[in-house]
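These are the residues of each chain, in order.
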Amino acid sequence: MPSILLNAAAVGFFAQAAYAYTQVNVASPFMRKNIDPIVFPGQYDKSHLHSFFGSDAVTINTNTSAELQAGCTNAQNVNDLSVYWVPTPLFTADGGTTWEPVGISRFSAYYNLGESEAEVAIPQNLKLVAGVATATTKEGMDASAKATWGCESQDVALDSNGFPSSTCNTHVQQLLYFPQCVNTETLETAYADRTCPDGFKRMPQLRFSIRWDLRKNLPNGWSGEAPVKLACGPAWCSHGDFINGWTEEAATDMLKTTVEKQKYISVIGDGETADCTPADPDPDHGTSDYAESVAAMSKRSVGSWGWKSRSRFM
Ligand SMILES: *[C@@H]1O[C@H](CO)[C@@H](O)[C@H](O)[C@H]1NC(C)=O
């Protein structure tokens, strides 16, 4: 039974708006890879390492819902063939010499949580990005994305990089809110400022809530600066990406969350898992290794001389 996160912000939010919501859980990423079909379509060696959840039909070229719907999803709803990704969080247990992916409890995609009435279903082929991947300071973030890191159900001060400054009792929680306004003709998106801009309609807002688990990674915990970073840098660069893969029928069914009731509503396919095992459809390119992904990006930025000499030997 999914539970509502009871932190101060969420309680405050529900006091004003009390609409229902739905939620899809994914136990773990099916793939880590240094690609980004939204930001760097068609390109290898440009992206930092990402952790991918949902439909496995994702390559540098993935562009449509139909492509994702031909894939295998590890989401706990057979009708959700969306793909969701975030920069891989990493920890170090040796003072920064080596970095390994942080453990996970679960990834959750919430839809319409605490939001006012959605007018349209999430359109087929919709792509969303939340957060600023290049942000190096708190000021560089997009406030609308409300990208935060903290301890689940526990108030802990943040360190200078935006991560909890001491060990969490349970999970480290990453939150991220996506634009909820869409132009259904152009698929442009925007955040609502109370209402959506002219020409845009409100759809169920997507929110990532990822419960990472450092307890096995760092059994002695930490105090002060967390020995943690994202593949893109400090927590300020926290961001997420989404390509819609919901079947049209289930995306439409999701609109029943617009009833004025603060409760979880099940979308068709909820709880059913696909009878398949997701796998990288393009295993001969890219890497799932953080150090290799860093090396690939620096090779890529050598400039024209580096490029010419490299391509001659390819
Ligand atoms: C991606 O899909 C959109 C439809 O959503 C289409 O207009 C566009 O041409 C496609 N891009 C590529 C590179 O295939």
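Residues numbered from 1 in each chain as written. Predicted model: local features only at pLDDT ≥ 70, side-chain atom pairs only at ≥ 80, totals over all residues. Heavy atoms only, no water.

An unreviewed UniProt entry annotates the chain as DUF1996 domain-containing protein originating from Lentithecium fluviatile CBS 122367.

### Examining the pattern of salt bridges
Pairing between side chains of opposite charge can happen when their charged atoms approach one another. For the coordinates displayed, the defined rule picks out five salt bridges. Among the ionic pairs, Arg211 bridges to Glu152, the shortest N-O distance being 3.0 Å. Of this pair, Arg211 sits in strand S14 (residues 206–213) while Glu152 sits in the loop between strand S9 (148–151) and strand S10 (172–177), and the two are 59 residues apart along the sequence. On the basis of relative accessible area, Glu152 is assigned to the buried category, the value being 15%. When salt bridges with common partners are traced through the structure, they connect Lys33, Asp280 and Asp282 into a single cluster. (Salt bridge = Lys/Arg side-chain N within 4 Å of Asp/Glu carboxyl O. Helix = DSSP H or I, 4+ residues; strand = E, 2+ residues; numbered from the N terminus. Buried < 20%, exposed > 50% of the residue type's maximum accessible area, 1.4 Å probe, protein only.)

### Some words on the nonpolar core
Within the largest apolar cluster, 47 residues are counted, with the highest numbers of intra-cluster contacts made by Tyr84, Tyr111, Leu206, Phe208 and Trp246. Take this core: its biggest share by element is four residues, from S14. Setting aside residues up to four positions removed in sequence, Tyr84 forms contacts with Ser51, Phe52, Phe53, Phe107, Ala109, Tyr111, Leu206, Phe208, Asp241, Phe242 and Trp246. (Core = buried A, V, L, I, M, F, W, Y, C linked by side-chain atoms within 4.5 Å. Contact = heavy atoms within 4.5 Å.)

### Notes on the sheet that holds strand S3 (residues 50–54)
Ordered in space as S2-S3-S4-S16-S8, the five strands form an open sheet in which the pairing is antiparallel. Single-partner strands in this sheet number two, and they are strand S2 (31–33) and strand S8 (127–131). Recorded for the sheet is a direction-independent mean angle of 20 degrees between the axes of neighbouring strands. Of the strand pairs in this sheet, S8 and strand S16 (residues 239–243) are connected by five bridges, and their pairing is antiparallel. The partner of Lys127 across the bridge, within S16, is Ile243. (Pairing = 2+ DSSP bridges. Axes fitted to C-alpha atoms, helices over the stretch in contact; angles between N-to-C directions.)

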